[in-house]
Amino acid sequence: MDLNNMVNLVEEKGQANESQPQPLSSGLERQLFTEPQLQDGSSYVKEGLDMKTSASIIFSLKEEVGILAKTLTMFHKCRVNLLHIESRSSKRSPGDYEFIVECDTATGDMNTALEHLRQKASYLQVISRNHHDNAETVPWFPRKIRELDRFANQILTYGSELEADHPGFTDPVYVARRKQFADIAYNYRHGQSLPRVEYTREEVKTWGTVFRELLELYPTHACREHNHVFPLLIENCGYREDNVPQLEDVSNFLKDSTGFTLRPVAGLLSSRDFLAGLAFRVFHSTQYIRHPSCPYYTPEPDVCHELLGHAPLFADPSFAQFSQEIGLASLGAPDEYIEKLATCYWYTVEFGLCRQDGQIKAYGAGLLSSYGELEHCLSGKPQLLPFDPVNTGVQKYPITEYQPLYFVAESFDDAKEKILNFASTIPRPLSEIGRASCRERV
């Protein structure tokens, strides 16, 4: 729908009640996705519409007859293309409405449009992925779970693009297989069933090797929550040495348990985008499996890491809430705080230890999916420190070797409270909007 039709719709509603803004039709949203296009090397490029050229403006208008129609006409005069418009009850001024307009910032005179809007608005905030070096702009974040589609394929590296030191780099069959998995994830959209994969005999063998070895260590090294859930996954989701579980089956089990779901991902997401998924209890998961030549090592997360390490804990209510709090804390946060939250995620959800019945146990997925590091973390060799987001968030860490340092949580509930206290220090003017909409999700 073009801008003139939008204005006409607003004017028709305004004639019914000029003094009170009315909710607009949700049908105004247009689909933002285009068919992915292949480039040299058969890797997908980003979506057709670059989100860095769009911005959302949240504003409330001063009381005036026909003010919203006049405001939308102003965008038209400045030749700014509107992609989406909606209204909702104001959380700041009960009884009033506020409006959300998404604009294509690559068209028209956006600065002039904003200046006019500031003169008419009682409240105004700009949200954009292109927020760097602009203190007045809040980093974009999804407000609804379906908006995860908008960044799911804005990946840092595509799943089939292997580094030269990757075990499968010189294996053309493995590289082609990785691209198949990446393509499946690239074309996934929220609300669809998760694609089922027929794993090869060699892939099942690799899974079985990892599964068999880790099963020996779990009773003595894994936290009680992991050991409680794992038999349920065996019973309900096909966790066996001779079978690689399907994401759809595991996701359904998690959804019934805590509201968490899995979503296939085509490659490496930015920390901001990955954490935003957790705010909606969505975990972006790979489906490919590590190279068969190195069953005990993978330079990036694979399905063994996701399903053996992450999935069991997402079925525990306390851990699920803790994970979501990290995601909620990231919404609209400045870049420096995203880095700190990502580091806290690394030292907890990925490589966390906890104290249970006077003993140290592992709950991090990077530990629970690695036989070698699961032994190492409880060997007495690495340094152990209490988990504290302020200190943990600035601790440097290696990514290609065993961790020399681990942080110990007293419990998942204690870790959650510490994250909540840390989140309260993050300067983020729109935090209450994001948190409210995400909590409605579960």
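All of these numbers come straight from a predicted model, not from anything done at the bench.

1. A few points about the nonpolar core
Counting 99 residues, the largest nonpolar core has Tyr239, Leu307, Leu308 and Leu374 as the members making the most contacts within it. Here this core takes 9 residues from helix α11 (residues 335-350), the largest share from any one element. For Leu308, the contacting residues outside a window of four places in its chain are Trp207, Val210, Phe211, Leu214, Tyr218, His226, Phe230, Tyr239, Val303 and Leu368.

2. What to know about the environment of Gln403
Along the chain, Gln403 turns up in the loop between α14 (389-392) and β13 (405-409). Sequence-distant contacts of Gln403, that is, excluding residues within four places in its chain, are made with Trp346, Tyr347, Phe351, Glu373, His376, Pro382, Tyr397 and Pro398. Of the polar contacts made by the side chain of Gln403, one reaches the backbone oxygen of Pro398; its length is 2.8 Å.

3. With respect to the sheet that holds strand β3 (residues 97-104)
Read across the sheet, 5 strands follow the order β2-β3-β1-β4-β5 without closing on themselves; strand pairing throughout is mixed. Unpaired on one side and paired on the other, β2 (81-89) and β5 (137-139) mark the two borders of the sheet. Strand-to-strand twist in this sheet, taken as the mean axis angle between neighbours without regard to direction, amounts to 25 degrees. Pairing analysis gives 3 bridges linking strand β4 (residues 121-128) to β5, with the strands arranged parallel.

4. A word on the packing of aromatic side chains
Per the stated rule, a full pass over the model turns up 22 aromatic pairs. With centroids separated by 5.9 Å and ring planes inclined at 90 degrees, the aromatic side chains of Tyr347 and Tyr397 adopt a geometry described as edge-to-face. Placement of Tyr347 in helix α11 and of Tyr397 in the loop between α14 and β13 is noted, with a sequence separation of 50 residues between them. Seen from their ring centres, Tyr347 and Phe407 are 4.9 Å apart, and the 75 degrees between their planes marks the pair as edge-to-face. Of this pair, Tyr347 sits in helix α11 while Phe407 sits in strand β13, and the two are 60 residues apart along the sequence. When its relative accessible area of 1% is taken as the criterion, Tyr347 is described as buried. Given the relative accessible area of 3%, Phe407 is considered buried. Lying across the ring of Tyr288, Arg178 places its NZ or CZ 3.5 Å from the centre. Above the plane of the ring of Tyr337 lies Lys340, whose end atom (NZ or CZ) is 4.9 Å from the centre.

5. A look at empty space enclosed by the protein
Enumeration over the complete set of coordinates arrives at 6 cavities of 30 Å³ or more. The computed volume of the largest cavity comes to approximately 110 Å³. Sorting the residues of the lining of the largest cavity by element identifies β1 (54-61), β2 and β3 as the ones contributing at least two each.

6. A closer look at the pattern of salt bridges
Considering all chains together, one arrives at 17 salt bridges under this definition. Close ionic contact of Asp357 with Arg224 constitutes a salt bridge, the shortest N to O distance being 3.1 Å. Of this pair, Asp357 sits in the loop between β10 (353-356) and β11 (359-362) while Arg224 sits in helix α6 (residues 224-237), and the two are 133 residues apart along the sequence. On the basis of relative accessible area, Arg224 is assigned to the partly exposed category, the value being 44%.

7. Side note on helix α15 (residues 412-423)
The end-to-end C-alpha distance of α15 is 16 Å, a good match for the 16 Å that 12 residues give at a rise of 1.5 Å each. All buried positions along α15 are accounted for by Phe412, Ala415, Lys416, Ile419, Phe422 and Ala423. One side of α15 carries all its buried residues, which in axial view fall inside an arc of 125 degrees. Buried-residue contacts for α15 involve α6, α9 (303-314), α10 (317-330), α11, α14 and β13.

8. Examining the pairing of β10
Pairing of β10 with β11 involves 4 bridges; the strand directions are antiparallel. In the strand pairing of β11, Cys354 is matched with Lys361. Here β10 folds back onto β11, and the loop between the two strands holds 2 residues, one of which, Asp357, carries a positive phi near 55 degrees. Pairing of β10 with β13, which is carried by 2 bridges, proceeds in the parallel orientation.

9. Brief notes about the pairing of β1
With respect to burial, β1 is a largely interior element, 8 of its 8 residues being buried. Residues Ser54, Ser56, Ile58 and Ser60 line one face of β1 and the alternating positions Ala55, Ile57, Phe59 and Leu61 line the opposite face, and both faces are buried. Pairing of β1 with β3 involves 6 bridges; the strand directions are antiparallel. Bridge pairing in β3 links Ser54 to Asp104. Sheet analysis places β1 next to β4, joined by 7 bridges and oriented antiparallel. Paired with Ile57 across the two strands is Val126, which belongs to β4.

10. Notes on the packing of helix α8 (residues 271-279) against α11
Direction vectors running N to C along α8 and α11 enclose 65 degrees, while the axes themselves pass 10 Å from each other. For the crossing formed where α8 meets α11, the hand is left-handed. Across from Ser271, Arg272, Phe274, Leu275 and Leu278 in α8, the residues of α11 making contact are Asp335, Ile338, Leu341, Ala342 and Tyr345. The residue inventory of the contact of α8 with α11, partitioned by class, reads 7 nonpolar, 1 polar and 2 charged.

11. Here we look at the packing of helix α5 (residues 201-221) against α6
Remark: α5 packs on α6, axes separated minimally by 10 Å, with the N-to-C direction vectors making an angle of 135 degrees. By the criterion of interaxial angle, the relationship of α5 to α6 is oblique. Helix-helix and strand crossings are classified by hand; for α5 and α6 the assignment is left-handed. Contacts between α5 and α6 involve Phe211, Leu215, Tyr218 and Pro219 on the former and, on the latter, His226, Asn227 and Phe230.

How each quantity is defined
Residues numbered from 1 in each chain as written. Predicted model: local features only at pLDDT ≥ 70, side-chain atom pairs only at ≥ 80, totals over all residues. Heavy atoms only, no water. Core = buried A, V, L, I, M, F, W, Y, C linked by side-chain atoms within 4.5 Å. Buried < 20%, exposed > 50% of the residue type's maximum accessible area, 1.4 Å probe, protein only. Helix = DSSP H or I, 4+ residues; strand = E, 2+ residues; numbered from the N terminus. Contact = heavy atoms within 4.5 Å. Polar contact = N/O pair within 3.5 Å; in protein donor to acceptor, adjacent residues only side chain to side chain. Pairing = 2+ DSSP bridges. Axes fitted to C-alpha atoms, helices over the stretch in contact; angles between N-to-C directions. Phe/Tyr/Trp six-rings, centres within 6.5 Å; stacked < 30°, edge-to-face > 60°. Lys NZ or Arg CZ within 6 Å of the ring centre and 35° of its normal. 1 Å grid on protein atoms, 1.4 Å probe; cavity = no way out; pocket = protein on both sides within 12 Å on 5 of 7 lines; lining within 4 Å. Points joined across faces, edges and corners; volume = space filled by probe spheres on them. Salt bridge = Lys/Arg side-chain N within 4 Å of Asp/Glu carboxyl O. Expected span 1.5 Å × (residues − 1). Arc of directions from axis to C-beta. Left-handed = near helix turned anticlockwise from the far one by under 90°. Nonpolar A, V, L, I, M, F, W, Y, C, P; charged D, E, K, R; others polar. Parallel < 35°, antiparallel > 145°, perpendicular 65-115°, else oblique.

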